Each structure stands twice: as structure tokens, then as C-alpha cells.
Amino acid sequence: MRYLILTKKHLITAGCAALALIIGAAISVNVFAKQERLLPIYCVQTEEKKVALTFDAAWGADDTDTLISVLQQYNAPATFFVVGEWVDKYPDEVKKLSDAGNDVMNHSATHPYMTSLSEGKMKEQLQICNEKIAALTGKTPTLFRCPYGDYDNRVVSTVESIGMKTIQWDVDSLDWKDSSTVESIVTRVTGNVKPGSIILFHNDATYTPQALPIILEKLTAEGYTFVKVADLIYNDNYTIDHAGMQIKN
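What counts as what
- Numbering of residues begins from 1 in every chain and follows the order in which that chain's sequence is written.
- Under the rules for a predicted model, residues below a pLDDT of 70 receive no local features and side-chain atom pairs below 80 are neither given nor counted, while totals for whole chains, interfaces and linings still include all residues.
- As a rule here, side-chain values come from all non-hydrogen atoms in the structure, and water together with hydrogens is ignored.
- Salt-bridge detection follows one rule: a side-chain nitrogen of Lys or Arg within 4 Å of a carboxyl oxygen of Asp or Glu.
- In DSSP terms, a helix is any run of H or I states spanning at least four residues, a strand is any run of E spanning at least two, and both are numbered starting from the N terminus.
- Each residue is placed in one exposure class: buried if its accessible area under a 1.4 Å probe, protein chains only, is under 20% of its type's maximum, exposed if it is over 50%, and partly exposed if it falls in between.
- Paired rings are identified among Phe, Tyr and Trp, the last through its six-membered ring, by centres lying within 6.5 Å, and are further divided according to the angle between planes into stacked (under 30 degrees), edge-to-face (over 60) and tilted (the rest).
- In this analysis, strands are considered paired if DSSP registers two or more bridges between them.
- Only heavy atoms matter for contacts: two residues are in contact if any of them lie within 4.5 Å across the pair.
- A 3.5 Å cut-off defines polar contacts: any pair of N or O atoms within that distance qualifies, except that in protein one atom must be a possible hydrogen donor and the other a possible acceptor, and neighbouring residues in sequence count only when both atoms are side-chain atoms.

1. Re the pattern of salt bridges
1) Next: Taken as a whole and assessed by the stated rule, the structure comprises ten salt bridges.
2) Next: Where Glu-93 meets Lys-96, a salt bridge forms, and the shortest distance between an N and an O atom there is 3.8 Å. Of this pair, Glu-93 and Lys-96 both sit in helix α4 (residues 91-99), three residues apart, roughly one helical turn.
3) Next: On the accessibility criterion, Glu-93 (14% relative accessible area) is buried.
4) Next: A relative accessible area of 33% means that Lys-96 is categorised as partly exposed.
5) Next: Each of Asp-65, Glu-93 and Lys-96 takes part in a single network of salt bridges with overlapping partners.

2. Observations regarding the packing of aromatic side chains
1) Next: With the rule as written, the count across this model stands at four aromatic pairs.
2) Next: For the ring pair Phe-55 and Phe-80, a centre distance of 4.8 Å and an interplane angle of 15° mean the geometry is stacked. In this pair, Phe-55 sits in strand β2 (residues 50-57) while Phe-80 sits in strand β3 (residues 79-82), placing the two residues 25 residues apart along the sequence.
3) Next: The class of Phe-55 is buried, set by a relative accessible area of 0%.
4) Next: Under the relative-accessibility criterion, Phe-80 is labelled buried at 1%.
5) Next: For the ring pair Phe-55 and Phe-201, a centre distance of 5.2 Å and an interplane angle of 25° mean the geometry is stacked. Note that Phe-55 is positioned in strand β2 and Phe-201 in strand β8 (residues 198-202), a separation of 146 residues in sequence. Like Phe-201, Phe-55 is buried.

3. Focus on the sheet that holds strand β11 (residues 245-248)
1) Next: Within the open sheet, the three strands sit side by side as β1-β11-β10. Their pairing is mixed. For this open sheet the edge positions go to β1 (43-44) and β10 (238-240), each flanked by a neighbour on one side alone.
2) Next: Judged from the two bridges that link them, β1 and β11 form a sheet pairing that is parallel. From the neighbouring strand, Val-44 faces β11, where its bridge partner is Gln-246.

4. Topic: the environment of Asn-106
1) Next: Relative to the assigned elements, Asn-106 resides in strand β4 (residues 103-106).
2) Next: On the basis of relative accessibility, which here comes to 0%, the residue Asn-106 falls in the buried class.
3) Next: It is 6.1 Å that separates the C-alpha atoms of Asn-106 and Pro-141, two residues lying 35 residues apart in sequence.
4) Next: The contacts of Asn-106, once residues within four sequence positions are left out, are Phe-81, Val-82, Gln-125, Leu-126, Cys-129, Asn-130, Ile-133, Pro-141, Leu-143, Phe-144, Arg-145 and Met-164.
5) Next: There is a polar contact of 2.7 Å between the side chain of Asn-106 and the backbone nitrogen of Ser-108.
6) Next: A distance of 2.8 Å separates a polar atom in the side chain of Asn-106 from a polar atom in the side chain of Asn-130.

5. Considerations on the pairing of β8
1) Next: The element β8 is largely enclosed, with a buried count of five among its five residues.
2) Next: Burial along β8 is two-sided: Ile-198, Leu-200 and His-202 and Ile-199 and Phe-201, pointing in opposite directions, are all buried.
3) Next: Two elements, β2 and β8, share five bridges in a ladder whose sense is parallel. Within β8, the position partnered with Leu-53 by the bridge is Ile-199.
4) Next: Bridge count for strand β7 (residues 171-172) against β8 is two bridges, and the pairing is parallel. Directly across from Asp-172, in β8, lies its bridge partner Leu-200.

Here's what the structure looks like:
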């Protein structure tokens, strides 16, 4: 029968190894716990009663003229986040939106889930869409909205790495839902808006053309003014809190 004889040297070596494992695990947990979560800009902290109207454009374009007319009637320039493939289908609509004083910004080239892409593919999505918009409007987009609102740290940092900002929203009209009505869209928006809000609509939703003038009428009566996202957000010396609010330092 063989016996395992543990010497003092063996015990010290084993103890050091165990201690190293414990310290390593503790460091890993600590690093993970302190990992910063990167967020898009959902809204802006401001005392001014100003808000940004945004429209995502990925499919149809039948309502372009109506939306432009309503926005102009209420002196409400908006920000349209457009997909590159939509730009290919509706180049005249892109020019109309831009010529009417609205901003045309980036919503990806093909409307993918960005979190499923490599960093290289993300940049490709951004750059292709930017080039298509710039070719028609003469302006290179500086803002990006993730398709499906889908993002993670990699997405936000990749967007920032090419000098753009990621924009989300804090007021969702849910105008794309089949169950939505003019009344429900108006109630959602006017009931949740606050100074510095970024409001989400879609350019080809069924009831948006009817709901929009009612919303703008109500908000105007409450003292709100309407600005493009680029004119709402801060470009430097800011932080973004846990809820995605951009705060000026």
C-alpha cells in the first residue's frame, strides 16, 4: 500500500494555487460587475419645452407629401431615419424630405439585427447607408438608429468609432401596430411626452397622417416647440444616465 506524504512544501504550493484561483475569480467578478453599459440617447435633460419628432422609414412611402405638409404647417422639422434599401427605392422621397428642411439620418443599409453582426459588418451597414443618403442630399448623416431598437455595447461603440451617435426614443407612438388607432396614438404621445423627449413614429403607418396634426396641435398649445434631433442633443461635455437621458456636464 502506497501512502501520500504531504510535505510543508506541497501544502504551501497547493495553498498558493488555491489562493490564486480565488483571487482570479474575484477579479473576474469585479470586472464584470463594473463593466460599463453603453446606451444610446433616449432623451435629453432640458428645461426648455422642446421635443424631437422622428420617423423610421424602411418600407412604403405613400405618405411622404402628407407628412411634409403637416410638419411644415406646424413649423415642426423632423428627423427621418431611413434604410439604404429604402433610399434605393425612393430617391425622390429622400430629396423631398431633405429639401423640406428635415434631417435624413441612418437606419442601416438593409435593416438587420445589428447585434448579430461583426464590427466590420456593422461599419459596412453604416457606411453604405451614409453614402447613399449623402449622394442625394449632399449631407452625410451623423446619427444612427438601430433597426428594431436592437443594440449592445459593441453596436454603440462601433457607431461612436466612426463619429456618429446612436439615437433611441423615450416616447413610442406604436403607430405600426394593427391595434393602434388615431386616438391611441395621440394618447400615447401626448400622455408621455416631456421636455427633451425623442418621439418615434413610422413614415408609412396607417394612422400617423391623421394622428400627427392632432398631436402637434396639442403639444403646441402646451407650449412645446419642435426641433430636429441634431439640434436637441448635446455634442460634447455630456453624460448619459442609466435611463438613456443625455445630461449636459
